[in-house]
Protein chains: 2
Amino acid sequence: MQEFYALIEAGGTKFNCAIADKQRNILVEKRFDTTTPVDTISAVIAFFKQQQQAGYNFRKLGLACFGPLDLNPASLSFGSITSTPKPHWSNVDIKQQLEKGLHCAVFIDTDVNAAALAEFKWGASQNTSVNIYVTVGTGVGGGVVINGQTLKGLVHPELGHMLISGVPEIKGVCPFHGNCVEGLAAGRSMAAIWQQSADSMKEDHPAWDIEAKVLGNFCHNLMVSFSPQSIVLGGGVMSKKGLLEKTIEYAEQSLKNYIVFPYNQGLKQIITAPGLGSRSGVFGALALILD
Amino acid sequence: MQEFYALIEAGGTKFNCAIADKQRNILVEKRFDTTTPVDTISAVIAFFKQQQQAGYNFRKLGLACFGPLDLNPASLSFGSITSTPKPHWSNVDIKQQLEKGLHCAVFIDTDVNAAALAEFKWGASQNTSVNIYVTVGTGVGGGVVINGQTLKGLVHPELGHMLISGVPEIKGVCPFHGNCVEGLAAGRSMAAIWQQSADSMKEDHPAWDIEAKVLGNFCHNLMVSFSPQSIVLGGGVMSKKGLLEKTIEYAEQSLKNYIVFPYNQGLKQIITAPGLGSRSGVFGALALILD
């Protein structure tokens, strides 16, 4: 009998829900607005129950979820969203609610850890021992995979809140940290800093050069911290033409050949767009199940 | 028959050589100046040959070495120091020279990765899934252990070269990166910035408050990157009275309760002095063998 999997990419704006098979074919897909936990989780459960009735029997659900999450299996609140600035969503035991509502096993990790795992398995980060996935969208987040496992320590990486230096042209707007990469480079922050949506800024707007500098300095710090063989930069903001290339240039300028790359590699081979396009997140949910 | 181990903590100033047993008893110990590779490595080999003749038969040597190193077992230059600013020491195949000279197996990693492993096994970082060891001495370096294994990716961590923000009072002196943590906070950098040796600056010298701020911001970035359960701060500069406590305060101020600590932990439980005192390095060499 063919096996099916339930997948959720749970973001702060949308819950992207899907049914897939082992070969990564997406058979059904639907998006729900992220409103309140009661409304959104109920809608998601109803959707997956319909799929079960339609014959997509699944016993496993992959949940790539916005954080911060409690990922400690020994903790009483394992699988909960902990303390998030997002209204209504703090202390929501999302894993448990889905397990009870759908009578299936739920495999949870952060959306970005899951995306990093998907890029490692099937995307731009294959055959690496250390890889990083960063999304630069409304916010900035990052996940890390080391020797094929997502990084979980005290909590999980919060790469968006790394402090960034050497960009005096703008003032970051993160309510916690000011000049962290999220406060400087997220779509939401760009809009606040320049009083104009990132989408509407043309390629020659000075914001983009500064954006590349921030992300270049961020990549510098990722390189000297994790020594990754792959950094994937995804998310809506990164789709701006020329931004990836300029980010790589700034990272090279900043590192100043301090790191000697084996095999004549360079940052161009390391810092790339996602191999899975916009699918890193939903395939991430599948990667959590198949792992 | 009792087994003995040869240990080298190879630093830029001294090679600390020792014979130990499995119980971490240091039976013989001698330091050699780091001069040229020919002179230093010959002296080290002669020392260990004497120990063999004295009855300390060892078949394994742990080498905790200054870097950057080639740690890729598949590489032709595996076990070499690669491109270091230290005169004479670039492209020195130190692992191979010791293996040939002493007819034993050599287990190599960076000095700081090895120290992190020793703190994980026997020191302040026991029972963690992610721990970091940082030395703030003449230079600044850092090693990382994840799930009991030292972190090796493209190369290895170079934590001393992380860019640091939010400290406009001083200008960093790293020839590569200016304001990286080594350029701002290493003993050598403090001496260059304040025109006075770090040792000679009294506790109320303004340099120490700024030093703590730099290290606090560095710890912020380590927390959001690796989410470690333990950061050990070692090295000569850290022995300054009050510096560790002030560093923790600045890290707390900088993180602004963004990270929710499980079990009511706080940074005071995470950021600590070495559990192994000044022995993290030489025990690190032993940890590499026993691993």
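Residues numbered from 1 in each chain as written. Chains lettered and ligands numbered in written order. Predicted model: local features only at pLDDT ≥ 70, side-chain atom pairs only at ≥ 80, totals over all residues. Heavy atoms only, no water.

The subject of this paragraph is the relation of the copies chain B and chain A. Relating one copy of the chain to the other takes a rotation about an axis and a shift parallel to that axis. Take chain B, turn it by 180°, move it 0.0 Å along the axis, and it overlays chain A with an RMSD of 0.0 Å. Given the turn and translation reported, the copies of this chain are related as if by a two-fold rotation axis. In terms of proximity to the rotation axis, the leading residue of chain B is Ser165(B), whose C-alpha is 2.1 Å off the axis. Most of the interface of chain B is mirrored in chain A: 100% of its interface residues are interface residues there too. (Least-squares fit on C-alpha atoms with pLDDT ≥ 70 in both. Contact = heavy atoms within 4.5 Å.)

Residue and element names in this part refer to chain A. Within this structure, the stated rule accounts for 17 aromatic pairs over all chains. Each ring, one from Phe-4 and one from Tyr-56, has its centre 4.9 Å from the other, and the planes form 80°; the classification is edge-to-face. Here Phe-4 is found in strand 1 (residues 4-10), whereas its partner Tyr-56 is found in the loop between helix 1 (37-53) and strand 4 (58-65), with 52 residues between them in sequence. Joined through ring pairs, the aromatic side chains of Phe-32, Phe-47, Phe-48 and Phe-58 make up one cluster. Over the face of the ring belonging to Phe-283 we find Arg-24, whose NZ or CZ atom lies 5.2 Å from the ring centre. (Phe/Tyr/Trp six-rings, centres within 6.5 Å; stacked < 30°, edge-to-face > 60°. Helix = DSSP H or I, 4+ residues; strand = E, 2+ residues; numbered from the N terminus. Lys NZ or Arg CZ within 6 Å of the ring centre and 35° of its normal.)

Here the focus is helix 5 (residues 187-194) of chain A. Residues and elements named next belong to chain A. Taken together, the buried positions of helix 5 are occupied by Gly-187, Ser-189 and Met-190. Each buried residue of helix 5 lies within a common arc of 160° when the element is viewed along its axis, so the set occupies one face. Buried residues along helix 5 sit against helix 4 (181-185) and helix 6 (206-226). Just past helix 5, the residue Gln-195 takes up positive phi, approximately 55°. (Buried < 20%, exposed > 50% of the residue type's maximum accessible area, 1.4 Å probe, protein only. Arc of directions from axis to C-beta.)

Residues and elements named next belong to chain B. The element strand 7 (residues 140-146) is extensively covered by neighbouring structure, given that 7 of its 7 residues are classed as buried. Here strand 7 shows no split at all, with Val-140, Gly-142, Val-144 and Ile-146 on one side and Gly-141, Gly-143 and Val-145 on the other all buried. Note: strand 6 (residues 130-136) against strand 7, 7 bridges, orientation antiparallel. If you follow Tyr-133 over to strand 7, its bridge partner there is Gly-143. Across 2 bridges, the pairing between strand 7 and strand 8 (residues 149-150) is antiparallel. Across the sheet, the residue bridging to Ile-146 is Gln-149, located in strand 8. (Pairing = 2+ DSSP bridges.)

Turning our eyes to something else, we now look at unusual backbone geometry. Residue and element names in this part refer to chain A. With an omega dihedral of 0°, the bond running from Gly-67 to Pro-68 counts as a cis peptide bond. Backbone geometry places His-88, a non-glycine residue, at a positive phi of 80°. Here His-88 is to be found in the loop between strand 4 and helix 2 (94-102).

Residues and elements named next belong to chain B. It is the contact of helix 3 (residues 111-122) with helix 9 (residues 280-290), at a shortest axis distance of 7 Å, that shows an interaxial angle of 80°. Relative to helix 9, the element helix 3 is oriented roughly perpendicular. Mapping the contact onto sequence places Ala-114, Ala-115, Leu-117, Ala-118, Glu-119, Lys-121 and Trp-122 in helix 3 and Ser-280, Gly-281, Phe-283, Gly-284, Ala-285, Leu-286, Ala-287, Leu-288 and Leu-290 in helix 9. (Axes fitted to C-alpha atoms, helices over the stretch in contact; angles between N-to-C directions. Parallel < 35°, antiparallel > 145°, perpendicular 65-115°, else oblique.)

Below, the discussion takes up the pattern of salt bridges. On inspection of all chains with the given rule, the structure shows 18 salt bridges over all chains. Close ionic contact of Lys121(A) with Asp291(A) constitutes a salt bridge, the shortest N to O distance being 3.2 Å. With Lys121(A) in helix 3 (residues 111-122) and Asp291(A) in the segment after helix 9 (280-290), this residue pair connects regions lying 170 residues apart in the sequence. Owing to a relative accessible area of 26%, Lys121(A) belongs among the partly exposed residues under this scheme. Classification of Asp291(A) as exposed rests on a relative accessible area of 56%. Note that Asp33(B) and Lys14(B) form a salt bridge whose closest N and O atoms lie 2.7 Å from each other. Taken together, the positions of Asp33(B) in strand 3 (residues 26-33) and Lys14(B) in strand 2 (residues 14-21) put the pair 19 residues apart, joining distant regions of the chain. Residue Asp33(B) is classed as partly exposed on the basis of its relative accessible area, which comes to 46%. (Salt bridge = Lys/Arg side-chain N within 4 Å of Asp/Glu carboxyl O.)

A common measure of how large an interface is: the accessible area buried when the components associate. All names here are of chain A. Split into domains, chain A comes out as domain 1 (4-111 + 280-290) and domain 2 (124-273). Put simply, the middle of domain 1 and the middle of domain 2, counted by C-alpha atoms, are 27 Å apart. Facing 7 residues of domain 1, the contacting portion of domain 2 comprises 7 residues. A buried area of about 570 Å², summed over both sides, lies between domain 1 and domain 2, and 61% of it is on carbon and sulfur atoms. (Domains from an automatic or database assignment. Buried area = accessible area lost by both parts, 1.4 Å probe.)

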